[in-house]
Amino acid sequence: MAATGEAAKPRVVICGGGIIGAATAYYLARTGGPEVARRVMVVEREAPACAASGKAGGFLALDWNDSSPVGPLARLSYRLHPQLAAELREQLGRDVGYRTVHTWQVVGVEAVPAGAKGGRLRGSEALPDWVDGNVMGSSEMGDTDSTAQVSGLQLEAAGAEEQGRRVTGVVVDGEVLPADVAVVAMGPWQKYHSVVLRPEQPVTNHMLFTGFKYASGRTVEPEVYPRPDGTVYVCGEPQALPVPPSPAEVVVEGQLIDNIRRVAGSLASCLKEAPVEAQQACYLPCAPDSLPVIGPVPGVAGAFLATGHTCWGILNAPATGLVMAEMILEGKAKSVDVRPFAPARFVRGAAGAGARR
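Residues numbered from 1 in each chain as written. Predicted model: local features only at pLDDT ≥ 70, side-chain atom pairs only at ≥ 80, totals over all residues. Heavy atoms only, no water.

For the rest of this paragraph, the subject is the pairing of strand β15 (residues 223-226). Relative to β15, strand β13 (residues 206-213) runs antiparallel, the two being bridged by 2 bridges. The partner of Phe-209 across the bridge, within β15, is Glu-223. As paired strands, β15 and strand β16 (residues 232-239) are joined by 4 bridges and run antiparallel to one another. Looking at the pairing, Val-224 lines up with Val-234 of β16. Counting the residues that bridge the hairpin from β15 to β16 gives 5 residues, and of these Gly-230 lies at a positive phi of roughly 95 degrees. (Pairing = 2+ DSSP bridges. Helix = DSSP H or I, 4+ residues; strand = E, 2+ residues; numbered from the N terminus.)

In a regular helix each residue adds 1.5 Å, so 14 residues correspond to 20 Å; helix α3 (residues 254-267) covers 20 Å between its end C-alpha atoms and thus fits that length. Residues Leu-256, Ile-257, Asn-259, Ile-260, Val-263, Ala-264, Gly-265, Ser-266 and Leu-267 constitute the buried set of α3. (Expected span 1.5 Å × (residues − 1). Buried < 20%, exposed > 50% of the residue type's maximum accessible area, 1.4 Å probe, protein only.)

All right, on to the nonpolar core then. Of all hydrophobic cores here, the largest spans 57 residues; its most connected members are Leu-28, Val-183 and Ile-328. A per-element tally of this core places helix α5 (residues 313-330) first, with 11 residues. Within the second largest apolar cluster, 25 residues are counted, among which are Val-195, Val-203, Ala-264 and Ala-268. (Core = buried A, V, L, I, M, F, W, Y, C linked by side-chain atoms within 4.5 Å.)

The antiparallel open sheet is built from 3 strands, whose spatial order is β3-β7-β4. With one partner strand each, in any of the chains shown, β3 (59-61) and β4 (99-100) form the two edges of the open sheet. In terms of strand pairing, β4 meets strand β7 (residues 147-149) through 2 bridges, oriented antiparallel. Residue pairing for β7: Arg-99 is matched across the bridge by Gln-149.

The subject of this paragraph is the packing of helix α1 (residues 19-37) against helix α2 (residues 71-92). Interaxial distance between α1 and α2 falls to 13 Å at its minimum, and their mutual angle equals 75 degrees. Our classification of the angle between α1 and α2 gives roughly perpendicular. Each of Tyr-26, Tyr-27 and Arg-30 in α1 lies in contact with α2, whose residues at this interface are Leu-80, Leu-84, Glu-87, Leu-88 and Gln-91. Split by residue class, the contact of α1 with α2 holds 5 nonpolar, 1 polar and 2 charged. (Axes fitted to C-alpha atoms, helices over the stretch in contact; angles between N-to-C directions. Parallel < 35°, antiparallel > 145°, perpendicular 65-115°, else oblique. Contact = heavy atoms within 4.5 Å. Nonpolar A, V, L, I, M, F, W, Y, C, P; charged D, E, K, R; others polar.)

Shown next as structure tokens:
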């Protein structure tokens, strides 16, 4: 890779155009320059923003992963996000909606307990005025120094062909795209629903992580994210269902969307009758041990994985893209230690394999 000239630059096909695939392509081009950029292709099965990245809330947290091996990756990525937003604005004139935010834990109920008054209880005065529903308790989880928000990017894709345990191309619609390196940046597993509302009144940059009890007694934990464009994204209601063959075949369950809207309307009156701009569902990429899968595939030269980021894909995309570019172009990750995420941990007897959690 150190040799000069375009012939020495790898042909890279990125399979999966969600935020991880897009970030990998971006940092390959940024690190390797025009010669590398011309030899990078992202392939997507349906359309940009068709799966989890395009339906994400885009919440970012500096230190919420500190207790896991993901902590250093998350901290690096959190620092990269404002830099990336500034670069995209300067180079492409594109605003990705990056902003710092306030983040709160809110406990709410659909039916007020007997003898209690509706509305916010004492102690919730620090919440913004638009959160005027049945709030039983609240506490601050993060401020503008430690939490932020961005709009998601995206793309997606195919399967790799190899010869002699070395990548030679990627098969797309029966055709082989020649490649020296194939990056698989896709893989959905657990289903979540979300809805995008547009209230008439402005809402502030306060993210709400909720513990909510329906009148039936069932408890849920939806998340409420106001966005810079005036809409409010609300997600929740996970499902463990078989993954369909294509993101275009993901079914939105109307009852679950209604449930999410009930939560939003119970916490904030401005959301109760707010027009719905989108109702959607997607599958999140999750590995068996709930850690990302980042690095070379054992025994297949030129094959890499970059997936399994669970609900933190938007947060961890810049750092993942950066270290993927480093591994492909320079032979190793330099910006952060990604050994805990090596695919070898799932391969019995492979170098670097570890116990599965």
